[in-house]
Amino acid sequence: MTAAWGMAALERYLLYVTVASLPLQALTVIPGTGVTVTKAAGGLLVVTALLRRLVAGKRPGRPSGIDVAIALFAAACAAAAFWSGDPTASRGALLGLVQYAAVYYGVVLAAGEPETLRRVPALLVVGCALSGFGALSALVFGAPAPTVDAPVIGTTIRRICYGLTDGNEQALFLLFGFGLLLHCRELHAGKRLPWAALSGAGILGGLALTMSRTGWLCGAALVGVRALAGRRSWRVLIGGAIVLAVTAGGVLAVRPDVGEAMRRRALQGIVTGDASIASRVVHYAKAAEQAAAGGMTGHGLMTAERVAGGYATPLGEPMHVTVHNVPYIVWIETGWLGLLAYLWLWANVIGLAWTAASRERRGASGEGPSEGVTRGCATGWASVAATYGVFSLVMPFLYRSSLAVLLGCAVAAWRSEAGGGGGSDRGRGLE
Amino acid sequence: MIREGSETVQPAHRSDGRSLSAPVYLDRVALLAIATVVALVVLHEWDPFGASRAGERNRLRELEDLVAGEAWTLAAQRGSALLERHYTEPRVHWLMSQVQRGNGLPDFGLQHLVIAAMPREGDMPLLFAEPSADALRRELVAYESAFADGKVRRERLLRMVRVQAALGAWEAVGDAMASIAAEGGGTASIAETAFAAALLGLTPEAWRSRGLPAAWAGPLCSGGGARVVSAESLGISGREIGVLAGGAGTGGRSLFVVGDAVRPAPAGIAWQLIAIDPGSGAVLKEGAVDLSGPSGHAELLDDWLRGLPEPVLIAGAASDAATASAPAEARQALRAALAVEGIPSRRGRRAYAFVAMRSKSTARATQTAAPGSDWPAMLLCRPERDP
């Protein structure tokens, strides 16, 4: 009993550490190893989740609901690696994707228990809030040392991030936290409202300093969706507006130049012409030719940068960037088979999210039973998936273990809401 | 039942009938997980093991590893990307010096070494540790070996002189200058001396207190691409007007010389302007105009010029950062207001100096751009000595 309790607690601890460290990955390197705690805890989580169930004599787990799509995509990736133009790079990438799949299933198992699943959004929000306050503190006090403190390329607009090494990726994770904070009722209900307001202030402040226009647009869209979600949630929206006003007022009072920088960044594409948008358009057009030339199995995993990185702008300047669009990268690297499998995977994810969110809405309005974890949780995770879906159309974030972790949490939540069971122990609590 | 807005909703519930809308607090395991993450972040900030590899520092270490492994091509790509974001960091320039030398491009590398060695103006905060004097010295020695084929051209020699001066190796500077200075005259104007001092990382006072010979000033200025024009051609008489637009290659300092007075100015992203009465030589106004924004450049310039009498002489210094951050609209506004031409492109990273005479709301100007990223732009409007 004690050993079982210990293993269950360890499993939860590893899941929580993995999730909470996601927005701060670059800062949570285990000293002397060069390995982030996110990766270490994720790996240990897979082992612990399997061991725990084997020791208890249970099946390692049930289908997660998108397994056929995952298997098809894995097969397409394997084919792309087999017929790759760069076998070494592709084999490494394939190994990485297999590890991500293991992490995904480990997370689905570990997050399957309602008491665990209920706390996961809070952990991610805490990580995001720490990241946001770190960036704000770096701006105002000059400490702690940010992970990004550099002008946006080609401008003098200062970009600050605390936690990750890419401004847009940092914005993406802050938006994940923001979406969960907006939708998961448990995160802002009752006495937790001040904590939610504080977390929201940190997240919005951090988001502003990333100078990510895609991030800002997605943030506005999340608020809009929340406002139109059906439930008239004036309390959340008014509270959010107050938080935004107080955060913005506080930052601008101390550093008025931030407001000017944000204005310039927002107007960059309209007033001065925007190389980042223009280069994407050029790159997409050229990448399509290369992707089509890859045939059914593509050029091989991890080859997009080599295949599509040598393009030049219309002025003849080399771009030296990878395609900023995940479906394009998948198409280039895994061909038509991979692209179709990837789209099928997304269709499955959307179907699962839609079913869960619909059921959650019916349950919340008293029209039907709900076996969900907590109100708004399924919708919150759907907002996470939607945010990534939008970002993936303009950014190249594909090979990321963090996405496997978040997909595992989301699928566990949706399965729980849809009554399909998120894992082998769903509903049974801790032994 | 929970009331949310004006709508009554049911709490979510589990199959065992237990409501799940009741607040769930972070349990001990969750708090322990958060404590773990916070502890690691604190450890990272404190970095007692010297193992921090986050963010820009991580990228710098990656570049250092590539340099150590002599992977020059990849190092050139990574270093260029790092310079895009941290152009004023001496350590990145020091590494790029090694990279370009390794790539067989010593003239490019030497430019980086000059920027790396130049003393910084003021308290500019640096993200990365500065390279030590020993490291810079070793790098300079490597160039001396690389140029040992007897093709030490004048511009190479002057760059090496600048590095030696920045490192305080004045004997070596004297030896090197001896051959060059023999070509020049034995006197130097105030502006020439000020410019030459800036090229060696000194103030004019430090130049004089060191007793550096006036004969060095002319060759240093001409070797650095100083443009000399007739003051009379601009309608100035009887006094010298000089503009040195600095940048990373001068430690972040620009200079204006009006007659006998030397006026230092910061070489940041703003354009430094000074208005001079062409008759008396009195400075009417001086200040900075930031033209890096997306719009309103013409209004900013008009605001600055408003109220000035005409004719008026406007001298301007734009650092490498100022020209790199000036959009097309800013260049158009400068052309319209001051008739200046040939502003270096945004990717060029070169400083730019001009002197413009405005009269009856029209202007004519003379200007020059720095010959390289490590040099300032130097413009000397000198009265005809023998009319």
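Everything numeric here is computed off the predicted structure, so don't read it as measured data.

Enquirer: Report on the overall build of chain B, specifying residues and quantitative values.
Expert: Each helix and strand counted, chain B has 14 helices and twelve strands in total. Burial status across chain B gives 51% buried among its 387 residues. Sequence-distant contacts in chain B: of pairs separated by 6 or more residues, those separated by 24 or more amount to 62%. About 16400 Å² of surface is accessible on chain B, with carbon and sulfur atoms providing 52% of the total.

Enquirer: Summarise the side chain of Ser383(A); cite the residues concerned and give the values.
Expert: Following the sequence through the fold, Ser383(A) ends up in helix α15 (residues 377-391). Excluding anything up to four places from it in sequence, Ser383(A) contacts Gly179(A), Leu180(A), His183(A) and Leu222(A).

Enquirer: Please give an account of the packing of aromatic side chains that cites residues and values.
Expert: The geometry of an aromatic ring pair is captured by the separation of the ring centres together with the interplanar angle, meaning the angle of the planes. Counted according to the given criterion, the structure contains eleven aromatic pairs over all chains. Residues Phe73(A) and Tyr342(A) carry aromatic rings whose centres are separated by 5.9 Å and whose planes lie at 50° to one another, so their mutual orientation is tilted. You can see Phe73(A) sitting in helix α3 (residues 67-82) and its partner Tyr342(A) sitting in helix α14 (residues 326-364), a full 269 residues away along the chain. In terms of burial, Phe73(A) and Tyr342(A) fall into one category: buried. Measuring from centroid to centroid gives 6.2 Å for Tyr352(B) and Phe354(B), while their planes differ by 40°, and the two rings are tilted. Since its relative accessible area comes to 0%, Tyr352(B) is described here as buried.

Enquirer: Which residues make up the sheet that holds strand β3 (residues 227-230) of chain B, and what values do they have?
Expert: Residues and elements named next belong to chain B. On the basis of which strands lie adjacent, the open sheet formed by five strands has the order β3-β12-β4-β5-β6 and mixed pairing. The outermost strands of the open sheet, each flanked by one partner alone, are β3 and β6 (261-266). Each strand axis lies, on average, 15° off the axis of its neighbour in the sheet, ignoring direction. Here strand β4 (residues 241-245) pairs with strand β12 (residues 377-382) via five bridges, running antiparallel. Bridge pairing in β12 links Ile-241 to Cys-381.

Enquirer: Mind laying out the environment of Ala81(A), listing which residues take part and the relevant values?
Expert: All names here are of chain A. Position of Ala-81 relative to the elements: it lies in helix α3. By relative accessible area, which is 9% here, Ala-81 ends up buried. In the structure, Ala-81 is positioned 220 residues away from Leu-301 in sequence and 5.7 Å away in space, judged by C-alpha atoms. Among all residues touching Ala-81, those that are not within four sequence positions of it are Ser-90, Leu-94 and Leu-301.

Enquirer: With reference to specific residues and values, describe the nonpolar core.
Expert: One finds Trp381(A) and Trp414(A) to be the most contacted residues of the largest nonpolar core, which totals 124 residues. The greatest single-element share of this core, amounting to 15 residues, is contributed by α14(A). If we skip the residues at most four places from it in the chain, Trp381(A) touches Val120(A), Pro121(A), Leu180(A), Leu406(A), Cys409(A), Ala410(A), Ala413(A) and Trp414(A). Residues Leu66(B), Leu83(B), Ile115(B) and Leu136(B) belong to the second largest nonpolar core, which totals 32 residues.

Enquirer: Would you mind going over helix α7 (residues 154-166) of chain B in detail, with residue names and values included?
Expert: All names here are of chain B. Compared with an ideal rise of 1.5 Å per residue, which puts 13 residues at 18 Å, α7 spans 18 Å between its outermost C-alpha atoms and is within 8% of the ideal. Every buried residue of α7 is listed here: Arg-156, Leu-158, Arg-159, Met-160, Val-161, Arg-162, Val-163, Gln-164 and Ala-165. Just downstream of α7, Gly-168 is the residue with a positive phi angle, here 80°.

Enquirer: Can you tell me about the pattern of salt bridges, naming the residues and giving the values?
Expert: Overall, the coordinates contain 21 salt bridges over all chains when judged by the stated rule. Glu113(A) is the salt-bridge partner of Arg52(A), the closest N and O atoms lying 3.2 Å from each other. Placement of the pair is Arg52(A) in helix α2 (residues 37-55) and Glu113(A) in the loop between α4 (87-110) and α5 (114-141), with a sequence separation of 61 residues. Taking the relative accessible area as the measure of exposure, Arg52(A) reaches 6% and is therefore buried. A relative accessible area of 3% places Glu113(A) in the buried class. Of the charged contacts in the structure, one is a salt bridge between Asp107(B) and Arg156(B), with a shortest N-O distance of 2.8 Å. Remark: Arg156(B) occurs in helix α7 and Asp107(B) occurs in helix α5 (residues 106-117); sequence separation between them is 49 residues. Accessibility expressed as a relative area gives 8% for Arg156(B), which makes it buried. Through salt bridges with shared partners, a single network forms among Glu11(A), Arg52(A), Arg53(A) and Glu113(A).

Conventions used here
- Residues numbered from 1 in each chain as written.
- Chains lettered and ligands numbered in written order.
- Predicted model: local features only at pLDDT ≥ 70, side-chain atom pairs only at ≥ 80, totals over all residues.
- Heavy atoms only, no water.
- Helix = DSSP H or I, 4+ residues; strand = E, 2+ residues; numbered from the N terminus.
- Buried < 20%, exposed > 50% of the residue type's maximum accessible area, 1.4 Å probe, protein only.
- Contact = heavy atoms within 4.5 Å.
- Areas by Shrake-Rupley, 256 points an atom, 1.4 Å probe, with all protein chains shown as cover.
- Phe/Tyr/Trp six-rings, centres within 6.5 Å; stacked < 30°, edge-to-face > 60°.
- Pairing = 2+ DSSP bridges.
- Axes fitted to C-alpha atoms, helices over the stretch in contact; angles between N-to-C directions.
- Core = buried A, V, L, I, M, F, W, Y, C linked by side-chain atoms within 4.5 Å.
- Expected span 1.5 Å × (residues − 1).
- Salt bridge = Lys/Arg side-chain N within 4 Å of Asp/Glu carboxyl O.

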